[in-house]
Amino acid sequence: MASRALPLAAHPDYGSLRCRISNYIVVGMHIGDFEQILLFAVLRLGEQAHGAAVRQEIERRIGRVISPGAAYTALDRLEERGFVQSRINETTVGSQARRRKYYRLSHQGARALSRSYGDLRDMAAGLLPRLNSLIEGA
Amino acid sequence: MRRPPLFPRLLLGWFLPLRDREFILADLHEEYAQRTRDDAHRTSAYIWYWRQSLASLWSEGRYKLDEAQLGVPGQPGGSWFGALHQDTRHALRALNRRPVFSIVALLTLALGIGANTAIFSLVNWLLLRPLPGVTGQQELAIVEISREVGQSNGISWPNFADVANAQRSFVSMAGYGGADLQIQSDHAPPEGIRAQIVGGDYFGTLGMRMQIGRPINAAETVAGRPAHVVVINDALWQRLFQRDRNVIGKTVRANKIVLTVVGVTPSGFEGVERNQGVEAWVPLSIEPELRHASPGLAERLNGRRGGSIREMVARLRPGVRAEAAVEELQRILDQLRVQYPNENKNLAQRHVFVHPGIGVPILMRERTFNTVRLMLLVVSMLLLISSANVGNMLLVRGLQERSVAALRRALGASRNRIIGQQLAECMLLALGGGLLGLLVARAFLALMEGGQLLGLPEFRNVPLDWRVLAFTAAVSLGSGLLFTLAPARIVGRADPLVDLSTSSTRHTAGRYWGRKSITVAQIALSLALLIGAVMLTRTLINLQRTELGFDAERTAGIIVNAEPQGYQSAAMPALRAALLAALRSQPEIESAGLAHQIPFWTGGFSDRVRDPLARSDQPVSIDVQFASDGYLETLRIPIIRGRGLQPRDWNASQGNPVNVVLSEQAARTLFGDRDPIGQYVDQDRRTAGPRMFVVGVSGDSRLGQLHEEAPVLMYVPINNSPSTQLSAVMRARTSAAELEPVIRRALGSVDPTLPFQFHAIAHNVRNSLADQRLLARLLAMFSGLAVLLAAIGLYGILSYMVDERRREFGIRMALGAHATGIARLVGTEAAGLVLAGVLLGILGARWLSTIMTSAITGVTAPSVALFVAASMLFVLIATMATIVPTLLATRVEPSITLRQD
């Protein structure tokens, strides 16, 4: 087992090992609003959902500016929880080749998103007029 | 394609987890490239990149924190936030383990950082603080319409109004010019203050809200429609009204005109130039009244010709460059010249200058910039040296700890973690050094207290404000990164296979080229500083030894400006005679005389005369000192031939020649070896003035600049002066400082409404060298430290080398090498370092000296002898630093050393 002497980070199984650990510890189906937004963006972009595109989509639709670091960390976390799957593709930008990370909503992710959004929708049912009147009254 | 800024890229590369690093960097890069396609957005793209990088790091850190709270174990090689805590603790332990190392490193850093902080806080205090009450200061510019930069010839009010209406480059512009006011409230005697005459919306252009009341409106400044209002500043409000909140609507008398106070400026405001002592602002429309102008002068002040608005302050429209504004204003001026050909003839020689930024007078800007650059350069050299020293020390530690690092790598620590720990240790040192540096800065500032620079007020209680703290933090972290690089590389490269199988004694000569180059750089920098310090000190000593040509002890000068109280030129002779008589009647005054120019205080006149020997057609330029009898005697300027000025010379009757006295230099320039007594000198003018008849020759004396030749000077009887300024010199029987009340008494008997300014001449002479003295003191202090640090550095590397090569020396000695041979070995090593350092240092000193000559008046280029002497001194110091390591090398005991392996 010569490879055991390698630092953990350099271990070929490092990525999946980490995923497994996290999966056992962070359980449950709850996702926050930021994650919902990310997941909807991934869903909307379909095959084109790479990191930069997700960020641009969110900025275009709701005007929220997200740093690449925030986007990737959150997507990583969602991946660790099994809600998205990623793959890495080679593309060219201008004349230069670069790699992009593409995300896809997993079955589990679709269920979680549907449930979270459903919960929110159910809680909000019929409340919008009252909410609006509060805003206008202020 | 433009590359994104380096530093955030490094940070990202350093701290982001491997997993996403590539994608985040590539995304950022791509978007940055899109944003910089348009040149106009370069700055905003730059800021964008920084913001995104920091936000990315931040969210990464937050994620780690969440993970820790959720109980996910920190992953090795993962992110930085969880590791930071651990690294910091590790670093604290490591520093604690070697207290001597830590203290020396901290002190060394504190010196470097402290010097930088001190100088920066001076610069901050003098130049960087925003002007009180001014908003959007960076968009403001000074506009000048002049023959040359800084002459401020100005334009008339109607021209200014036309320009201001026609231009589109500025959001708004307003004119201003200096004025002397003699101001008094109900019960106080008049006091002379500096004021500004403003035209247009001056306070609006500055974006200023009054502390109380309102500003002067543009409508009130229109020439020909006088509005008797005044805005005063905080200090004057205190002096005249004791900060009475009901001051608005009260009246003051300024130059005998009643003005209503309409506003008080925010605390500390002194006009658009810092530290210039302007205390009141009056509208342009009342300038003729304030100057008690004759109808002719009033016409000139209000008409389309002549100059009245001398400088303008303007707010540039966003996106408009200064060059574009210059072009536009020049075009408008050309149109005005065509439109009013007769009135605006003089505009032909005027040029437009737009100087972005306010706060520093135009003429002082270059010198200010040079001086500040010199000071910052010197202290950053010192910081480099101290960082290099600490880097050197850490490098040694790094080499020693390679095996430890290698062991930890073998146990599974990632390279990043090992570098991270090294970095944390250095950052702790840097922060500690920064905190100590603040104390050191306080000490440096205390040493400089009372110093003066660039003619600005004395340094008193220079604050360490947030700008200084931010600067110190940046410098500390910067120096931290600087001295971390090399040791971190070494430790980071530790390889279990190599470093665990060999003992440290295998590191021989080739290994420490890094340390050698650091030492060479240190020697070079400190030698350059040393030469600079010697140069400046020598200059200062030379200037202090310069013959003044007069005796400044116990002498004082006064200046009285008679114009504001309504005196016209015709009334001056009587006033002069009365003042001189009054001064002479005081028992405390030994002797007194009138003169237009007080030495080392005010400026004077100069004139051009024809060559009396007709050797050439070129006129001779000559300085003119209008003086009365008693002036030369009071200052003890000797009469060398003929006689001095006498009371009967005061008023030459019409058509008769004017009796004058020449200085030796003037006599030599005009008459060569001939006797000038009884000769005539003629002004070089088309209209014939009176001829001048030389009655005497006096010794040379300096009026202002110590570093220039004695002036070519002609003493002309005082009543020929066109000025309404009244000034006198006098010698006290006891001391000059006691004369002020005496003069008040004497002047009160002539006209009690006349305020005066008073200076002891010896004090002014000393002050004329304030810049040189302060900079010499700084350089001496800093170069001393630099030399000390360099010597320590040299000592360090040599003793380290001796220690490393102990085994080699042992073998050599066992094989029969003599102690002198070993000493020669060490000596050669040292000599090589010192020689390289000295050569580089001489190059550096040459460069430093060019900057010094441009920053400080009177500094001359260094001589070869100085270079040689400083180098020799350095070699001497280096030799002393070498002695101990060499002795250590010769004491190597082969039997003991070889047995150790």
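Residues numbered from 1 in each chain as written. Chains lettered and ligands numbered in written order. Predicted model: local features only at pLDDT ≥ 70, side-chain atom pairs only at ≥ 80, totals over all residues. Heavy atoms only, no water.

### Considering the overall build of chain A
Then comes step 1: Helix and strand counts for chain A stand at six helices and two strands.
Then comes step 2: Seen in sequence order, chain A has helices and strands lined up from the N terminus as α-α-α-α-β-β-α-α.
Then comes step 3: Put simply, chain A has 138 residues, and 37% of those count as buried.
Then comes step 4: Sequence-distant contacts, at least 24 apart, represent 55% of the contacts inside chain A between residues at least 6 apart. (Helix = DSSP H or I, 4+ residues; strand = E, 2+ residues; numbered from the N terminus. Buried < 20%, exposed > 50% of the residue type's maximum accessible area, 1.4 Å probe, protein only. Contact = heavy atoms within 4.5 Å.)

### Focus: the overall build of chain B
Then comes step 1: A count of helices and strands for chain B gives 27 helices and 21 strands.
Then comes step 2: A burial count over chain B gives 52% of its 901 residues as buried.
Then comes step 3: Pairs at least 24 residues apart make up 80% of the contacts formed inside chain B by residues separated by at least 6 positions.
Then comes step 4: Working note: accessible area of chain B is about 40,000 Å², and carbon and sulfur atoms make up 57% of it. (Areas by Shrake-Rupley, 256 points an atom, 1.4 Å probe, with all protein chains shown as cover.)

### Here's the deal with empty space enclosed by the protein
Residue and element names in this part refer to chain B.
Then comes step 1: Counted by the stated rule, this structure contains five cavities of 30 Å³ or more.
Then comes step 2: As for the second largest cavity, its lining consists of I119, L374, M375, V378, V379, L536, L775, L778, L779 and F782.
Then comes step 3: Elements represented by at least two residues in the lining of the second largest cavity include exactly α12 (362-400) and α23 (770-804).
Then comes step 4: When its residues are assigned to classes, the lining of the second largest cavity shows ten nonpolar, no polar and no charged. (1 Å grid on protein atoms, 1.4 Å probe; cavity = no way out; pocket = protein on both sides within 12 Å on 5 of 7 lines; lining within 4 Å. Points joined across faces, edges and corners; volume = space filled by probe spheres on them. Nonpolar A, V, L, I, M, F, W, Y, C, P; charged D, E, K, R; others polar.)

### Observations regarding the sheet that holds strand β21 (residues 756-760) of chain B
Residue and element names in this part refer to chain B.
Then comes step 1: Read from one edge to the other, the open sheet built from four strands follows the order β12-β20-β11-β21, with strand pairing classed as antiparallel. Single-partner strands in this sheet number two, and they are β12 (589-594) and β21. The sheet shows a mean angle of 20° between the axes of neighbouring strands, taken without regard to direction.
Then comes step 2: Sheet analysis places β12 next to strand β20 (residues 725-732), joined by five bridges and oriented antiparallel. Within β20, the residue paired with A592 across the bridge is M730.
Then comes step 3: Across the sheet, helix α21 (residues 739-750) touches β11 (555-561), β12, β20 and β21, and the angle it forms with β21 is around 150°. (Pairing = 2+ DSSP bridges. Axes fitted to C-alpha atoms, helices over the stretch in contact; angles between N-to-C directions.)

### Let's talk about the packing of helix α24 (residues 806-814) of chain B against helix α25 (residues 819-855) of chain B
Residue and element names in this part refer to chain B.
Then comes step 1: In contact at an axis separation of 10 Å, α24 and α25 are set at 145° when each is read in the N-to-C sense. Between α24 and α25 lies a crossing of right-handed hand. Residues E808, F809, R812 and M813 of α24 pack against A819, I822, L825 and V826 of α25.
Then comes step 2: Of the residues belonging to the contact of α24 with α25, the class tally is six nonpolar, no polar and two charged. (Left-handed = near helix turned anticlockwise from the far one by under 90°.)

### Describing the environment of R702 of chain B
Residues and elements named next belong to chain B.
Then comes step 1: Mapped onto the fold, R702 is located in the loop between β18 (692-698) and β19 (713-717).
Then comes step 2: Considering only alpha carbons, one finds R702 and G549, 153 residues apart in sequence, at a separation of 6.3 Å.
Then comes step 3: When near neighbours in sequence (up to four residues on either side) are disregarded, R702 contacts T546, E547, L548, F550, P599, F600, E708, E709, A710 and P711.

### Description of the packing of aromatic side chains
All names here are of chain B.
Then comes step 1: Inspection of every chain in the model, using the stated rule, returns 13 aromatic pairs over all chains.
Then comes step 2: Aromatic side chains F120 and F471 sit 3.9 Å apart centroid to centroid with 5° between the ring planes, which places their arrangement in the stacked category. With F120 in helix α5 (residues 99-128) and F471 in helix α15 (residues 466-492), the pair connects residues that are 351 residues apart, well separated along the chain.
Then comes step 3: Ring centres of Y631 and Y715 lie 6.0 Å apart, and the angle between their planes is 45°; this geometry places the pair in the tilted category. (Phe/Tyr/Trp six-rings, centres within 6.5 Å; stacked < 30°, edge-to-face > 60°.)

### Here's the deal with the side chain of D27 of chain B
Then comes step 1: In this structure, D27 of chain B sits in helix α2 (residues 18-36).
Then comes step 2: Here D27 of chain B falls in the buried class, since its relative accessible area comes to 2%.
Then comes step 3: Within the structure, the side chain of D27 of chain B is placed 3.3 Å from the backbone nitrogen of A52 of chain A, a separation counted as a polar contact.
Then comes step 4: If sequence neighbours within four positions are ignored, D27 of chain B has contacts with G51, A52, R55, Y72, R98 and R100 of chain A. (Polar contact = N/O pair within 3.5 Å; in protein donor to acceptor, adjacent residues only side chain to side chain.)

### Notes on the side chain of S701 of chain B
All names here are of chain B.
Then comes step 1: Mapped onto the fold, S701 is located in the loop between β18 and β19.
Then comes step 2: Classification of S701 as buried rests on a relative accessible area of 3%.
Then comes step 3: S701 has contacts with L548, G549, F550, I637, P711 and Y715, leaving out every residue within four places of it along the chain.

### Some words on unusual backbone geometry
Residue and element names in this part refer to chain B.
Then comes step 1: A positive phi angle is found at Q242, which is not glycine, with a value near 50°.
Then comes step 2: For Q242, a relative accessible area of 55% translates into the label exposed.
Then comes step 3: The phi dihedral of R554 is positive, around 60°, even though this residue is not glycine.
Then comes step 4: Structurally, R554 is set in the loop between α17 (513-545) and β11.
Then comes step 5: Judged by relative accessible area, which is 26%, R554 ranks as partly exposed.

### Describing the nonpolar core
Residue and element names in this part refer to chain B.
Then comes step 1: In this structure, L374, M448, F550, Y631, Y715, F782 and L794 are the most contacted members of the largest nonpolar core, which totals 94 residues.
Then comes step 2: With 15 residues, the top contributor of residues to this core is α23.
Then comes step 3: If near-sequence neighbours (up to four positions away) are discounted, Y631 is found in contact with G593, L594, A595, Q597, P599, Q625, I637, L703, Y715 and V729. (Core = buried A, V, L, I, M, F, W, Y, C linked by side-chain atoms within 4.5 Å.)

### Notes on the pattern of salt bridges
Where charged atoms of side chains with opposite charge meet at close range, the side chains can pair.
Then comes step 1: Applying the stated criterion across every chain yields a total of 31 salt bridges over all chains.
Then comes step 2: The closest approach of N and O atoms between K101 of chain A and D76 of chain A, which form a salt bridge, is 3.6 Å. Placement of the pair is K101 of chain A in strand β2 (residues 96-105) and D76 of chain A in helix α4 (residues 68-80), with a sequence separation of 25 residues. Taken individually, K101 of chain A and D76 of chain A each receive the classification buried, so the pair is uniform in this respect.
Then comes step 3: Note that R554 of chain B is salt-bridged to E590 of chain B, the shortest N-O span being 3.3 Å. On the criterion of sequence distance, the pair formed by R554 of chain B in the loop between α17 and β11 and E590 of chain B in strand β12 is long-range, its members being 36 residues apart.
Then comes step 4: Linked by salt bridges that have partners in common, D551, R554, E590, R636 and R731 of chain B make up one network. (Salt bridge = Lys/Arg side-chain N within 4 Å of Asp/Glu carboxyl O.)

### Overview of the packing of helix α18 (residues 572-584) of chain B against α21 of chain B
Residues and elements named next belong to chain B.
Then comes step 1: One way to put it is that α18 packs onto α21 with a least axis distance of 9 Å and a crossing angle of 140°. When the axes of α18 and α21 are compared, the pair comes out oblique. Like other packed secondary-structure pairs, α18 and α21 cross with a definite hand, here right-handed. Taken together, the residues of α21 that come into contact with α18 (itself represented by L575, A578, L579, A582 and L583) are I743, A746, L747, S749 and V750.
Then comes step 2: Residues belonging to the contact of α18 with α21 are distributed by class as follows: nine nonpolar, one polar and no charged. (Parallel < 35°, antiparallel > 145°, perpendicular 65-115°, else oblique.)

### Concerning the confidence of the model for chain A
Then comes step 1: The share of residues in chain A with pLDDT of 70 or more is 78%, and the mean pLDDT across the chain is 78.
Then comes step 2: Long-range and interchain partners of residues 1-27 of chain A, a stretch whose pLDDT sits below 50, account for 30 contacts in this model, where long-range means more than four residues apart. (pLDDT = per-residue confidence, 0-100.)

### Description of a nonpolar patch on the surface
All names here are of chain B.
Then comes step 1: On the surface, Y795, M880, I883, V884, L887 and L888 cluster together into a nonpolar patch covering about 530 Å² of accessible area.
Then comes step 2: Broken down by element, the residue count for the nonpolar patch peaks at five residues, all from helix α26 (residues 864-890).
Then comes step 3: Mapped onto the elements of the fold, L887 is located in helix α26.
Then comes step 4: Its relative accessible area of 42% is what places L887 among the partly exposed residues. (Patch = residues over 30% accessible without salt bridge, like charges linked within 9 Å, V, L, I, M, F, W, Y side chains within 5 Å.)

### Observations regarding the pairing of strand β9 (residues 311-316) of chain B
All names here are of chain B.
Then comes step 1: The element β9 is largely enclosed, with a buried count of six among its six residues.
Then comes step 2: A two-sided burial pattern is seen for β9, the buried positions comprising E311, V313 and R315 on one face and M312, A314 and L316 on the other.
Then comes step 3: With six bridges joining them, strand β2 (residues 170-184) and β9 adopt antiparallel strand pairing. Bridging across to β9, M173 finds its partner in A314.

### Let's talk about the confidence of the model for chain B
Residues and elements named next belong to chain B.
Then comes step 1: The predicted model of chain B has a mean per-residue pLDDT of 80, with 87% of residues at 70 or higher.
Then comes step 2: Between the elements of chain B, mean pLDDT differs from a low of 61, seen in helix α16 (residues 496-499), to a high of 92, seen in strand β5 (residues 229-232).
Then comes step 3: Across residues 69-78, where pLDDT falls below 50, the model places 14 contacts with residues more than four positions away in sequence or in other chains.
Then comes step 4: Confidence drops under pLDDT 50 across residues 503-510; counting only partners more than four residues distant or on other chains, this segment forms five contacts.
Then comes step 5: Both confidence scores are given for the complex: pTM 0.65, ipTM 0.74.

### Topic: the pairing of β2 of chain A
Residues and elements named next belong to chain A.
Then comes step 1: Two strands pair when backbone bridges link them, and strand β1 (residues 84-93) and β2 are joined in this way by ten bridges, in the antiparallel orientation. Of the residues in β2, the one forming a bridge with V84 is L105.
Then comes step 2: Between β1 and β2, which follow one another and run antiparallel, lie two residues, and G94 among them has a positive phi close to 60°.

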